[in-house]
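Observations on chain architecture
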Amino acid sequence: MPGSAGPGIAVPSPTSDAVLAVHNLKIGFSNEGQVHHAVKGVSFHINRGETVALVGESGSGKSITALSTVRLLGASAKVEGSVKYEGRELVGAPEKLLREIRGNDISFIFQEPMTSLNPLHTLEKQLGESLALHQGITGAKAKARIVELLTRVGIRDPESRLPDYPHQLSGGQRQRVMIAMALANNPDLLIADEPTTALDVTIQAQILELLAELKAETGLSMLFISHDLGIVRRIADRVCVMKDGEIVEQGPVEQIFSDPQHDYTRKLLAAEPKGLADPVPADAEVLVQTRDLKVWFPIQRGLLRRTVGHVKAVNGATLDVRAGETLGIVGESGSGKTTLALAIMRLIASDGPVIFMGQDISGWKSKRLRSLRRDMQIVFQDPYGSLSPRMTVEQIIAEGLGVHGVEKGRDRRQMVAEIMTEVGLNPDMMHRYPHEFSGGQRQRIAIARAMILRPKVVVLDEPTSALDMTVQVQIVELLRGLQQKYGLAFLFISHDLRVVRAMSHKIMVMRAGEVIEQGSTAQIFDAPQQEYTRKLLAAAFGEVAE
């Protein structure tokens, strides 16, 4: 069944062992009588025991292609072409057949487990529903099977976790539960849509290792969707590169990475933050200092809520950051990175001095702190969650000006237009709302909102983790340029060590609330002293820690 995947790109014909064969798939959505095609004639196949990766930037059609395989797109989508699972046509298939195949033969792992898991149901109930629906297993047999599945995906002491709700688990644990649900009915094909994007590098490595083990044990076939080419290279057998709803290139993973034929593939492979942060002047002013900073949360028990211990979220952090300098803060989820930053910004209580521009502000109340808020800003991980959907971009960016006042003799709209231009946005779009922008554009809006106040210190909390590789490069270059122009001090929190290396002058490594190592970027990356740091680097770069 040969086809085409963009101009001049040959598509290999599926073998007799193909689990999934997609041919000339077209997906359109109607809008005011017009049909917009999000997928335009895509063809590929997945053989038994094979992992095929769909890669490309946001909006390229990866997830829509995957969801269309078992018709999960809803009634508004118009699907044409052919999708065959083990020879059975799924396009236009009766709902009864699709229900048999969904969950049984083809299972999904979605990007964000917190939104995919029911927050009102325990783990036992959620996994039990799948077993009861597809296999008729209930009661003690179901519980035993659930414990077996949770053990298989690496959940420690699984019986004690059965009554837990999703919010009681870490991000890595929730993703493992999603994998357990996907594997509950022994599927032939697993479709994993960005399953590691929001996870720490060590958890990413564990999830990838788990998927590889399951593939080896069961002969599982996999469609793996990701924008992280480093992960794709480690897990995939073949790669399909998507752009604007078309596959522009496909082939064995080593061929794609070593000898890409299409310009767009070469662009994706080259999209990695490069270079190092510009040197900081020797006489640069120290803007932020902490000395033995602690953030302890009390553990209370009993009717009288007596304090029986403390969660030591941050336990003795000492740092200093100068004007024009970036301190990268790294570590796994729960290590205290964001808690430390919030304490420095005086958004949560802490013990120990916090010296901001020469003043110890650790004991200041909110009214006194208000005068400093203009100089302290935060850019969050999820720009869509931190931008009000009911406000225009102009209102969002200008909101801080309303609190702190417009500079004398300046027009508010003019200031918004200037900062939008500076962060690479067209000022003509200031009347639009957040949902009308891409992920990268929304992050630029969040940066503009912080920068319009001309702050001295900016906390960047995972500002690139949800973005495509090409957009990550753009955001890193933007932040570097703003830092150099205005002498900004950055506290850069991230689990992406490639981005941390490109952005940071110094690095602090945190684990379970403790600062276990800190030094210059070169020292940490070239000669790490702690085993935990070596483990982080090995997980990030696919190497074996010594």
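Since the model is a prediction, treat every value here as computed from it, not as a measurement.

As for the overall build of the chain
Tallying secondary structure elements over the chain gives 21 helices and 20 strands in all. Taking 24 Å as the expected radius of gyration for a compact globule of 546 residues, we find that the chain reaches 25 Å, a close match to that expectation. When its C-alpha atoms are laid out on the principal axes, the chain stretches across 70 × 60 × 45 Å. Of the roughly 24400 Å² that the chain leaves accessible, carbon and sulfur atoms contribute 50%. Charge-centre separation for the chain: the mean point of 62 positive side chains lies 6 Å from the mean point of 63 negative side chains.

Overview of the nonpolar core
Across soluble globular proteins, nonpolar side chains show a tendency to be buried alongside one another. Membership of the largest hydrophobic core comes to 54 residues, with the highest contact counts inside it found for Ile397 and Ile447. Leu162, Leu169, Leu210 and Ile235 belong to the second-largest nonpolar core, a separate cluster that totals 35 residues.

A closer look at helix α16 (residues 412-422)
Taken together, the buried positions of α16 are occupied by Met415, Val416, Ala417, Ile419 and Met420. Buried residues along α16 sit against α15 (393-404) and α17 (439-451). For α16, the capping residue at the N-terminal end is aspartate 411, with a side-chain oxygen 3.2 Å from the backbone nitrogen of arginine 413. Trailing α16 by a residue or two, glycine 424 shows a phi angle of about 85°, which is positive.

Description of the packing of α17 against helix α18 (residues 469-486)
Direction vectors running N to C along α17 and α18 enclose 15°, while the axes themselves pass 10 Å from each other. Judged by the angle between their axes, α17 and α18 are roughly parallel. Seen along the crossing, α17 lies across α18 with a hand that is right-handed. Along its contact with α17, which presents Gly440, Gln443, Arg444, Ile447 and Met451, the element α18 presents Val471, Gln474, Ile475, Leu478, Leu479 and Leu482. Residue composition of the contact of α17 with α18, grouped by class: 7 nonpolar, 3 polar and 1 charged.

Quick look at the side chain of glutamine 126
Position of glutamine 126 among the secondary structure elements: in helix α4 (residues 123-135). Once residues within four sequence positions are removed from consideration, glutamine 126 is found in contact with Leu117, Asn118, His121, Pro166 and Met181.

Description of the pairing of strand β20 (residues 514-520)
Two strands pair when backbone bridges link them, and strand β19 (residues 506-511) and β20 are joined in this way by 6 bridges, in the antiparallel orientation. Its bridge partner being in β20, methionine 510 is matched across the sheet by valine 515.

Re the packing of aromatic side chains
In total, this model carries 2 aromatic pairs according to the counting rule given. Here the aromatic rings of phenylalanine 108 and phenylalanine 110 are separated by 5.5 Å at their centres, their planes lie at 10°, and the arrangement is stacked. On the basis of an interplanar angle of 70° and a centroid distance of 6.2 Å, the ring pair of phenylalanine 525 and phenylalanine 541 is categorised as edge-to-face. Placement of phenylalanine 525 in helix α20 (residues 521-526) and of phenylalanine 541 in helix α21 (residues 531-541) is noted, with a sequence separation of 16 residues between them.

Notes on the sheet that holds strand β14 (residues 354-356)
Across the sheet, which stays open at both edges, the 4 strands sit in the order β12-β11-β14-β15 with antiparallel pairing between neighbours. Bordering the open sheet on either side are β12 (306-322) and β15 (359-360), each of which pairs with just one other strand. Here 13 bridges tie strand β11 (residues 286-301) to β12, and the two strands are oriented antiparallel to one another. For valine 288, the partnering residue across the bridge sits in β12 and is valine 321.

A look at α4
The terminal C-alpha atoms of α4, which comprises 13 residues, lie 18 Å apart, in line with the 18 Å expected from a rise of 1.5 Å per residue. Listed in full, the buried residues belonging to α4 are Leu123, Gln126, Leu127, Gly128, Ser130 and Leu131. Glycine 136 occupies a position one or two residues after α4 and carries a positive phi of about 70°.

A look at the pattern of salt bridges
In total, this model carries 22 salt bridges according to the counting rule given. Between glutamate 86 and arginine 48 there is a salt bridge, and its shortest N-O distance comes to 2.6 Å. Here glutamate 86 is found in the loop between β4 (77-85) and β5 (88-89), whereas its partner arginine 48 is found in the loop between β2 (34-47) and β3 (51-55), with 38 residues between them in sequence. The exposure class assigned to arginine 48 is partly exposed, which follows from its relative accessible area of 37%. Look at the salt bridges and you will find they share partners, linking Asp320, Arg322, Glu325 and Lys506 into a network.

A few points about unusual backbone geometry
Trans peptide bonds make up the majority, and among non-glycine residues the majority have a negative phi. Phi angles above zero are rare outside glycine, and aspartate 157 is one such case at about 45°. Residue position: aspartate 157 is located in the loop between α5 (139-152) and α6 (158-161). The exposure class assigned to aspartate 157 is exposed, which follows from its relative accessible area of 52%.

Comments concerning the pairing of strand β8 (residues 221-226)
Summarising burial for β8: 6 of the 6 residues are buried, a large majority. In this sheet, β8 lies alongside β3 in parallel orientation, the contact comprising 5 bridges. Looking across to β8, one finds that leucine 54 is bridged to isoleucine 225.

The rules behind each value
- Residues numbered from 1 in each chain as written.
- Predicted model: local features only at pLDDT ≥ 70, side-chain atom pairs only at ≥ 80, totals over all residues.
- Heavy atoms only, no water.
- Helix = DSSP H or I, 4+ residues; strand = E, 2+ residues; numbered from the N terminus.
- Rg over C-alpha atoms; globule rule 2.2 N^0.38 Å.
- Areas by Shrake-Rupley, 256 points an atom, 1.4 Å probe, with all protein chains shown as cover.
- Lys, Arg positive; Asp, Glu negative; His and termini not counted.
- Charge placed at Lys NZ, Arg CZ, Asp CG, Glu CD.
- Core = buried A, V, L, I, M, F, W, Y, C linked by side-chain atoms within 4.5 Å.
- Buried < 20%, exposed > 50% of the residue type's maximum accessible area, 1.4 Å probe, protein only.
- Contact = heavy atoms within 4.5 Å.
- Polar contact = N/O pair within 3.5 Å; in protein donor to acceptor, adjacent residues only side chain to side chain.
- Axes fitted to C-alpha atoms, helices over the stretch in contact; angles between N-to-C directions.
- Parallel < 35°, antiparallel > 145°, perpendicular 65-115°, else oblique.
- Left-handed = near helix turned anticlockwise from the far one by under 90°.
- Nonpolar A, V, L, I, M, F, W, Y, C, P; charged D, E, K, R; others polar.
- Pairing = 2+ DSSP bridges.
- Phe/Tyr/Trp six-rings, centres within 6.5 Å; stacked < 30°, edge-to-face > 60°.
- Expected span 1.5 Å × (residues − 1).
- Salt bridge = Lys/Arg side-chain N within 4 Å of Asp/Glu carboxyl O.

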